[in-house]
Protein chains: 2
Amino acid sequence: MRLVVIGGVAAGMSAASRARRADRSLEITVLEKGEWISYGACGLPYFLEGRVRNLQELVTYTPEYFRRERQIDVRTAAEVTRIAHARREVTLASGDSLRYDRLVVATGTRAIRDLPGAGQPHVFTIHDPGDAGRLRAFLVERRPRRAVVVGAGPLGLEAADVLRRKGLRVSVIHAGEQVLGRDDPALTAEVHRQLERFHVECRPSTPVTAIEPTRVGGVPCDLVVLALGVRPNVELAAEAGVRLGRSGAIALDHHMETNLAGLYAAGDCAEVTHLVTGRNVYLPLGTTANKMGRVAGANAAGRRERFPGVVGTSILSLFELGIAWTGLSEVQARRDGFSAVAVTVEARSRPRYFRGKSSSVTLVAERGSGRLLGGAVVGEQDTAGRINVVASAITARMALDDFQHLDLAYAPPFATVWDPLLIAAQQLVKLV
Amino acid sequence: MRLVVIGGVAAGMSAASRARRADRSLEITVLEKGEWISYGACGLPYFLEGRVRNLQELVTYTPEYFRRERQIDVRTAAEVTRIAHARREVTLASGDSLRYDRLVVATGTRAIRDLPGAGQPHVFTIHDPGDAGRLRAFLVERRPRRAVVVGAGPLGLEAADVLRRKGLRVSVIHAGEQVLGRDDPALTAEVHRQLERFHVECRPSTPVTAIEPTRVGGVPCDLVVLALGVRPNVELAAEAGVRLGRSGAIALDHHMETNLAGLYAAGDCAEVTHLVTGRNVYLPLGTTANKMGRVAGANAAGRRERFPGVVGTSILSLFELGIAWTGLSEVQARRDGFSAVAVTVEARSRPRYFRGKSSSVTLVAERGSGRLLGGAVVGEQDTAGRINVVASAITARMALDDFQHLDLAYAPPFATVWDPLLIAAQQLVKLV
């Protein structure tokens, strides 16, 4: 039995590793078209910053490690050009072909960069280690002074944060009204305040149609970072007959199997179930890719595991301010047919004598049932813990009535006796 | 209609405040036998440390504030000596009596100090602001050098932490085998390691039978802190015919009503339902007291609210190490009739390049169902967030199968792509 995995980053290497643990006798080959495998793409902004000194620090394990310790044959610069699933065979760009019994497609994404002028040498994406390496070299060698970041998703804001802290003047230009792909005016307002505080200009509702040589959207610059999001790499699978979902990413069942038996997919090339709406959505994220990869790998090796889905949790640090959200925003919830109510509260997250600062907590619930649908937290380092409590409660389909009484840990170094989460729940429970 | 509340700290003031919001016309009187009301007792160790400069900083609101802003008549030095519920009347030590329609008993606790020699001037408890004020004065004026803390619950360890950081030699002596009242050898081992690291001697399994003038349990000392736990103040209620639970604290229904209609109780004088076992237990904690007080106050004012119970979440900081637990330990779970399995994992809670240190996570689950029963986390500041995720999942009766796939927030400044919680769940799921 041979398992072939196409793609050697988060989902692909998780799938291969899990398959190995599930079946010691399986022959496992990973085909990665690039030169880097098993890296943490979410660390790339911190490589630009210099906190991560070299790109190898972001690599969890090398091909040699996988070969030696896990008996996984990892081939880099191995681009698959065709999947012939009827024959259980993949063809490589080299002309070689490889037979398989089970296949996991983990082809990931590519950065969107189809803008006129995007090919100029001062225009960068931060999609893979190669990109990041080139951008860091540009920063060191060319010492740009004014950067424009196009796009205000998490990566765009992280890029703005890093470039600003390296001393550049930075403008963020984006087409949408709201930042972070989240339809949440309160969250957007918090982001704007923080950008202003650190002198980063932000221009919403400004579609960029071209990158001019010395300016973007009227803003002069000598560095452009494109953070317009990603597209799933689905062509290979689609040509093999794999069904795509409405989002354009690969459609999967909860076992990470495609419409073709024995052909699995995982990670950023595929859709995932949103546990609040029950719909399949495209939410490419490193953590999800790893989880999907594990389940795909287990099942490709003969197990029967299930990945239920996600609730859409995200977090980023913007000049040390934690900004996080999960589930649905109030606007999204209404759009999805829920009768939604929401509150936002500001409350101290630790006592004053532990230098506690104010946190902002938004909760969204369904009128009538009180079911928690979403939330957002803006605050200090403990923002992650708070959004995770909301994410867990949403996953469990908890109602506000239980949420408001959650037995959260309290001691002055960590929290206030009334956690901001509970204060928000107490206020929202009056409205449902 | 008049509501009388006996006790003016966490539960009592929460009850009075909530009753006021529920009914603007209610006459509300709070009778507090001491001189302090509405204070955060959990902050007392930080007053000893000096981080809290004066005791007033721990007071949320003054009697004047309650009178003026909430029309609540708060009387201090007002000790109730008798409840005559048939006549709806309380008698005060002064001889005065007061009629009521509804009564909330929030009489709290007293520190256990019935040891021979406990009355000596160098022997202290840290139970209320008066105690803490006297101990701080003793530290300043007498400059003790060697302290013995009797008891290894959260307060005992917090006292040891504070005294050690103030430069004293400190020994902790306690009767039990395990610290923190938690039957968890892994947690106990972590505490012992941390105490050793900071040169605090800890003697388990050492019952103290008397406080000698210059030594305790053979350890010479010039300061003794008794942290033997608390006893609920139930005598007043019991004499009035209020039923006590098996723990000796006041028995309540989920509306915080006692066996006597119209007589409510809340806070540390009462039992609470443990949501994992469904049993009523005695777990006096500030957060729970506040929640119970709110529900008691609402219901005493004519609402019909419910406090479901707790899962036994606690946290403390021991020389900046977060130590937290929730639900049942493996040993407790077995004792309570569960077929329990557990794992402890050590994993980095943030990437190395964000100076992430190792966290220890223990999870306990029921064999077969995979239902999560308990957990413990030892680590940095983010310990609170992690234990809260476990607490929320336990409250929701989540099984490991869902817990292992929780959509937790990930970005390098906050977490690792595989959170220690998820790693622990993945390991434990194999054992259930």
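Preceding this paragraph is the structure being described.
Just so it is clear, the structure is predicted and the values come from calculations on it, not from any experiment. (Residues numbered from 1 in each chain as written. Chains lettered and ligands numbered in written order. Predicted model: local features only at pLDDT ≥ 70, side-chain atom pairs only at ≥ 80, totals over all residues. Heavy atoms only, no water.)

Participant: An account of the overall build of chain A is needed here, citing residue identities and associated values.
Facilitator: Of regular secondary structure, chain A possesses 12 helices and 24 strands. For chain A, the C-alpha radius of gyration of 23 Å lies close to 22 Å, the compact-globule estimate for 432 residues. If one aligns the C-alpha atoms of chain A with their principal axes, the spans along those axes are about 65 × 50 × 40 Å. The 432 residues of chain A split such that 60% are buried. Counting only contacts in chain A whose residues sit at least 6 apart along the sequence, the fraction spanning at least 24 positions is 64%. Accessible surface for chain A amounts to roughly 16,700 Å². Of this, 47% is attributable to carbon and sulfur atoms. Across chain A, the 55 positively charged side chains and the 45 negatively charged ones have centroids separated by 2 Å. (Helix = DSSP H or I, 4+ residues; strand = E, 2+ residues; numbered from the N terminus. Rg over C-alpha atoms; globule rule 2.2 N^0.38 Å. Buried < 20%, exposed > 50% of the residue type's maximum accessible area, 1.4 Å probe, protein only. Contact = heavy atoms within 4.5 Å. Areas by Shrake-Rupley, 256 points an atom, 1.4 Å probe, with all protein chains shown as cover. Lys, Arg positive; Asp, Glu negative; His and termini not counted. Charge placed at Lys NZ, Arg CZ, Asp CG, Glu CD.)

Participant: Run through the relation of the copies chain A and chain B, naming residues and quoting values.
Facilitator: Mapping chain A onto chain B is achieved by rotating through 180° and translating by 0.0 Å along the same axis, at an RMSD of 0.0 Å. Expressed as an axis order, the relation between the two copies is that of a two-fold axis. Judged by C-alpha distance, glycine 385 of chain A is the residue of chain A that lies nearest the rotation axis, at 1.8 Å. Most of the interface of chain A is mirrored in chain B, where 98% of its interface residues are also at the interface. (Least-squares fit on C-alpha atoms with pLDDT ≥ 70 in both.)

Participant: How would you sum up the sheet that holds strand S15 (residues 223-226) of chain B? Please name residues and give values.
Facilitator: Residues and elements named next belong to chain B. If you walk across this open sheet you meet the 5 strands as S9-S15-S10-S11-S12, and the pairing is parallel. Across the chains shown, the open sheet's two edge strands, defined by having one partner strand only, are strand S9 (123-124) and strand S12 (200-203). Here strand S10 (residues 146-150) pairs with strand S11 (residues 169-173) via 5 bridges, running parallel. Along S11, the bridge assignment pairs arginine 146 with arginine 169. (Pairing = 2+ DSSP bridges.)

Participant: Run through the interface of chain A and chain B, naming residues and quoting values.
Facilitator: The partner chain B presents 58 residues to the 59 residues of chain A that form the contact. Together, Tyr353, Asp407 and Phe414 of chain A form the three largest contributors to the area buried by chain A at its contact with chain B, with a combined 16%. Across the contact surface, chain A and chain B share 0 salt bridges. At the junction of chain A with chain B, the criterion picks out 16 residue pairs in polar contact (both at pLDDT 80 or more). Secondary-structure elements contributing two or more residues to the side of chain A that touches chain B are helix H8 (286-300), strand S20 (314-318), helix H10 (383-395) and helix H12 (420-429) of chain A. (Buried area = accessible area lost by both parts, 1.4 Å probe. Salt bridge = Lys/Arg side-chain N within 4 Å of Asp/Glu carboxyl O. Polar contact = N/O pair within 3.5 Å; in protein donor to acceptor, adjacent residues only side chain to side chain.)

Participant: Let's hear about the pairing of strand S20 (residues 314-318) of chain B: which residues, and what values?
Facilitator: Regular strands place side chains that alternate from one sheet face to the opposite one. Residue and element names in this part refer to chain B. With 5 of 5 residues buried, S20 is to be regarded as a mostly interior element. Taken together, the 5 bridges between S20 and strand S21 (residues 321-327) define a ladder with antiparallel strand orientation. For leucine 316, the partnering residue across the bridge sits in S21 and is isoleucine 323. Counting the residues between successive antiparallel strands, the hairpin from S20 to S21 contains 2 residues, one of them, phenylalanine 319, with a positive phi of roughly 50°.

Participant: How would you explain the pattern of salt bridges if you had to name every residue and give the values?
Facilitator: Close approach of charged atoms lets side chains of opposite charge pair. Residue and element names in this part refer to chain B. Scanning the model with the defined rule gives 44 salt bridges over all chains in all. Glutamate 69 serves as the salt-bridge partner of arginine 68, at 3.2 Å between the closest nitrogen and oxygen. The class of arginine 68 is exposed, set by a relative accessible area of 54%. Residue glutamate 69 is classed as partly exposed on the basis of its relative accessible area, which comes to 42%.

Participant: Go over helix H12 (residues 420-429) of chain B with me, naming the residues and quoting the values.
Facilitator: With 7 of 10 residues buried, H12 of chain B lies mostly within the body of the structure. Along H12 of chain B, the positions that sit buried rather than exposed are Pro420, Leu421, Leu422, Ala424, Ala425, Gln426 and Leu428 of chain B. Where the residues of H12 of chain B are buried, they touch H8 of chain A together with strand S22 (340-348), strand S23 (358-366), helix H10 (383-395) and helix H11 (400-403) of chain B. Two to three positions downstream of the cap, the backbone nitrogen of leucine 421 of chain B sits 2.9 Å from a side-chain oxygen, assigning the N-cap of H12 of chain B to aspartate 419 of chain B.

Participant: I'd like a description of the packing of aromatic side chains, backed by residues and values.
Facilitator: Evaluated as defined, the whole model comprises 16 aromatic pairs over all chains. Measuring from ring centre to ring centre gives 5.8 Å for tyrosine 61 of chain A and phenylalanine 66 of chain A, while their planes differ by 85°; the resulting arrangement is edge-to-face. Among the aromatic residues, those joined into a cluster by ring pairs are Tyr46 of chain A together with Tyr353 and Phe354 of chain B. Taking the ring centre of tryptophan 418 of chain B as reference, the NZ or CZ of arginine 294 of chain A above it sits at 5.8 Å. (Phe/Tyr/Trp six-rings, centres within 6.5 Å; stacked < 30°, edge-to-face > 60°. Lys NZ or Arg CZ within 6 Å of the ring centre and 35° of its normal.)

Participant: Let's hear about empty space enclosed by the protein: which residues, and what values?
Facilitator: Taken as a whole and assessed by the stated rule, the structure comprises 10 cavities of 30 Å³ or more. In this structure, the largest cavity encloses a volume near 220 Å³. As for the largest cavity, its lining consists of 24 residues, and the residues nearest its centre are Ala384 and Gly385 of chain A together with Asp382, Gly385 and Arg386 of chain B. Mapped onto the lining of the largest cavity, the elements with two or more residues apiece are H10 of chain A together with H10 of chain B. (1 Å grid on protein atoms, 1.4 Å probe; cavity = no way out; pocket = protein on both sides within 12 Å on 5 of 7 lines; lining within 4 Å. Points joined across faces, edges and corners; volume = space filled by probe spheres on them.)

Participant: Describe the nonpolar core, listing the residues and the values that go with them.
Facilitator: Leu363, Leu372 and Phe403 of chain A together with Leu363, Leu372 and Phe403 of chain B are the most contacted members of the largest nonpolar core, which totals 82 residues. Excluding anything up to four places from it in sequence, phenylalanine 403 of chain A contacts Leu363, Leu372, Val389, Val390, Ala393, Met398, Leu421, Leu422 and Ala425 of chain A. If you look at the next biggest cluster of nonpolar residues, it comprises 53 residues, including Leu3, Val80, Leu252 and Val310 of chain A. (Core = buried A, V, L, I, M, F, W, Y, C linked by side-chain atoms within 4.5 Å.)

Participant: Quick rundown of the sheet that holds strand S4 (residues 80-84) of chain B? Include the residues and the values.
Facilitator: Residues and elements named next belong to chain B. A sheet is described by the order of its strands in space; here 3 strands give the open sequence S4-S5-S6, paired in antiparallel fashion. With partners counted over all chains shown, the strands left at the sheet margins are S4 and strand S6 (97-99), one partner each. Adjacent strand axes in the sheet meet at a mean angle of 20°, parallel and antiparallel pairs treated alike. Here S4 pairs with strand S5 (residues 89-92) via 4 bridges, running antiparallel. What sits directly across from alanine 84, in S5, is glutamate 89. (Axes fitted to C-alpha atoms, helices over the stretch in contact; angles between N-to-C directions.)

Participant: Any details on unusual backbone geometry? Residues and values, ideally.
Facilitator: Residue and element names in this part refer to chain A. Within the chain, glutamine 71 stands out as a residue other than glycine whose phi angle is a positive 50°. Assignment of secondary structure puts glutamine 71 in the loop between helix H3 (63-70) and strand S3 (72-75). According to the relative accessible area criterion, glutamine 71 is partly exposed, its value standing at 41%.

Participant: Tell me about the packing of H10 of chain A against H10 of chain B, and name the residues and values.
Facilitator: In the contact formed by H10 of chain A and H10 of chain B, the axes pass within 8 Å of each other and the chain directions differ by 10°. Comparing their axes, H10 of chain B and H10 of chain A come out roughly parallel. In the crossing of H10 of chain A with H10 of chain B, the sense of the turn from one axis to the other is right-handed. Listed contacts from H10 of chain B to Gly385, Asn388, Val389 and Ser392 of chain A of H10 of chain A are Gly385, Asn388, Val389 and Ser392 of chain B. Class assignment of the residues belonging to the contact of H10 of chain A with H10 of chain B gives a composition of 2 nonpolar, 6 polar and no charged. (Parallel < 35°, antiparallel > 145°, perpendicular 65-115°, else oblique. Left-handed = near helix turned anticlockwise from the far one by under 90°. Nonpolar A, V, L, I, M, F, W, Y, C, P; charged D, E, K, R; others polar.)

Participant: Describe helix H6 (residues 185-197) of chain B, naming the residues involved and giving the relevant values.
Facilitator: Residues and elements named next belong to chain B. In a regular helix each residue adds 1.5 Å, so 13 residues correspond to 18 Å; H6 covers 18 Å between its end C-alpha atoms and thus fits that length. For H6, the full list of buried residues reads Leu187, Thr188, Glu190, Val191, His192, Gln194 and Leu195. N-capping of H6 is provided by aspartate 184, with a side-chain oxygen placed 3.1 Å from the backbone N of alanine 186. (Expected span 1.5 Å × (residues − 1).)

By themselves, these observations are geometric and do not establish any function.
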